[in-house]
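Structure at a glance
Given next are the chains, with one letter for each unit.
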Amino acid sequence: MEKYLILSDLDSTLLTTKKKIPYPTIRYIRRLVRKGHLFVLATGRPLQGTLKYVRMLKINCPIICDNGANIYLPKGNIFTHLFHHMNKEKIKDFFAQIDPFLFSGFVGSDHFLFLENKKYIPWWIVHEDKKLLITRREGKLKDTIEEDAHIAFFQIAKKGYEQTIKTIKKYKDFAYGYWGEENGICTFVLAHKNARKGIAMDTLIKKYQIKPTNTIAIGDEDNDISMIQKAHYGVAIKNCSANLGEKANYITLFDNDHQGVKKFLKDFFKDKLQ
């Protein structure tokens, strides 16, 4: 049987609203991997927010983290690492320029979590894992960053919005997402321009010599669009955003709380796992 590359987002796709993977889904994913397929978690989470699900699945497959900024390849009991990171000097220079407007922020890297005004940072997007040692450094981001960065999350005063956009555009290697404004505070996410799930997927296709027609990607939000469009079978979970749903080839019959990923894959592979 030909090998398939299957990418699945985590939050609101593979995970239920209670952040669980139902055991029947786990068993089915393990079955796919035993048959020789690659099942890849492709998430916006950092490694420390993903590892517990890797341990739960107990599969020896790659992981895409930070929306494609990092690809972790299994090698025995460890992972090797492919990445698209923001240069530390450039990211420090960026934060120095927007410092007058900066309200709070964090920058994640391989070994550090750099935090400014951490009490205002939504902790659900930071993640921590006791088995993965990440050192916290608190202070001005323009001063504390000392390692190339995977991702940056930051909030600025509304009056600095236009200047922040102009500043980001000075850096040709940076790409940003805007999460909107609330109570006079604007929220941004910043990453390397090549930190995209679709680009990471293309890397895995080439590395594992997968036929492009043997690719499946399943997601729920706009950060999944690049992999949905790259895959031959681009699948939106039933509870997806309207924008993603318009770009997908398929929409699952069931949502993330009713094992939509497993049920789609089981139907897809029903005549292929014999």
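See the structure printed just above.
Here's what I pulled together on the structure shown here. Bear in mind that the values here come from a model prediction, so they are computed numbers and not experimental data.

All right, on to the overall build of the protein then. In terms of regular secondary structure, the protein is built from ten helices and 14 strands. Its C-alpha atoms put the protein at 60 × 40 × 35 Å along the principal axes. Within the protein, the proportion of its 274 residues that are buried is 52%. Relative to all contacts within the protein whose residues are 6 or more apart in sequence, the contacts with residues 24 or more apart total 60%. Carbon and sulfur atoms provide 49% of the accessible area of the protein, an area that totals close to 13,400 Å². Between the mean site of the 45 positive side-chain charges and the mean site of the 30 negative ones, the protein shows a separation of 6 Å.

In this section: the environment of Ile121. For Ile121, the location among the structural elements is in the loop between β7 (112-116) and β8 (135-138). Remark: the alpha-carbon pair of Ile121 and Phe106, spanning 15 residues in sequence, is separated by 7.7 Å. Leave out the neighbours within four places in its chain, and Ile121 touches Ser104, Gly105, Phe106, Leu115, Glu116, Val126 and Phe153.

What the six strands build is an open sheet, ordered β8-β7-β6-β9-β11-β10; its pairing is mixed. On the outer flanks of this sheet lie β8 and β10 (174-182), each paired with one strand and no other. Each neighbouring strand pair of the sheet contributes to a mean axis angle of 15°, computed without reference to strand direction. Relative to strand β11 (residues 185-192), strand β9 (residues 149-157) runs antiparallel, the two sharing seven bridges. Counterpart to Phe153 in the pairing with β11 is Val189. Across the sheet, helix α6 (residues 161-168) lies against β9, β10 and β11, angled at about 5° from β11, the strand it touches most.

As a further point, take the packing of aromatic side chains. As enumerated under the stated definition, the model contains 22 aromatic pairs in all. Aromatic pair Phe112 and Phe114: ring centres 5.4 Å apart, planes at 20°, arrangement stacked. Neither residue differs from the other here; Phe112 and Phe114 are each classed as buried. Seen in terms of ring centroids, Tyr178 and Phe188 are 5.0 Å apart; in terms of plane orientation they differ by 45°. Their pairing is tilted. Here the residue Tyr178 occupies a position in strand β10, and Phe188 occupies one in strand β11, the gap between them amounting to ten residues. A relative accessible area of 0% means that Phe188 is categorised as buried. Ring pairs connect the aromatic residues Phe94, Phe95, Phe154, Tyr161, Tyr171, Phe174, Tyr176, Tyr178 and Phe188, which therefore count as one cluster.

With their axes 10 Å apart at the nearest point, helix α4 (residues 88-98) and α6 run at an angle of 155° to one another. The angle between the axes of α4 and α6 places the two elements in the roughly antiparallel class. For α4 against α6, the interelement crossing comes out right-handed. Between α4 and α6, the residues in contact are Phe94, Gln97 and Ile98 and Thr164, Thr167 and Ile168, respectively. Partitioning the contact of α4 with α6 into residue classes produces three nonpolar, three polar and no charged.

A few words now on the nonpolar core. Side chains of a nonpolar character, in soluble globular proteins, are inclined to be buried together. With 54 residues, the main nonpolar core has Leu5, Leu7, Leu41, Ile216, Leu265 and Phe269 as its most contacted residues. Counting residues in hydrophobic clusters, the runner-up holds 23 residues, among them Ile91, Phe154, Tyr171 and Cys186.

On to the pattern of salt bridges, then. According to the stated counting rule, one finds 14 salt bridges in the structure shown. Salt-bridge contacts for Lys118 lead to Glu138; the nearest nitrogen and oxygen are separated by 3.1 Å. Of this pair, Lys118 sits in the loop between β7 and β8 while Glu138 sits in strand β8, and the two are 20 residues apart along the sequence.

About the criteria used
- Residues numbered from 1 in each chain as written.
- Predicted model: local features only at pLDDT ≥ 70, side-chain atom pairs only at ≥ 80, totals over all residues.
- Heavy atoms only, no water.
- Helix = DSSP H or I, 4+ residues; strand = E, 2+ residues; numbered from the N terminus.
- Buried < 20%, exposed > 50% of the residue type's maximum accessible area, 1.4 Å probe, protein only.
- Contact = heavy atoms within 4.5 Å.
- Areas by Shrake-Rupley, 256 points an atom, 1.4 Å probe, with all protein chains shown as cover.
- Lys, Arg positive; Asp, Glu negative; His and termini not counted.
- Charge placed at Lys NZ, Arg CZ, Asp CG, Glu CD.
- Pairing = 2+ DSSP bridges.
- Axes fitted to C-alpha atoms, helices over the stretch in contact; angles between N-to-C directions.
- Phe/Tyr/Trp six-rings, centres within 6.5 Å; stacked < 30°, edge-to-face > 60°.
- Parallel < 35°, antiparallel > 145°, perpendicular 65-115°, else oblique.
- Left-handed = near helix turned anticlockwise from the far one by under 90°.
- Nonpolar A, V, L, I, M, F, W, Y, C, P; charged D, E, K, R; others polar.
- Core = buried A, V, L, I, M, F, W, Y, C linked by side-chain atoms within 4.5 Å.
- Salt bridge = Lys/Arg side-chain N within 4 Å of Asp/Glu carboxyl O.

Function cannot be inferred from these measures alone, as they are strictly geometric.
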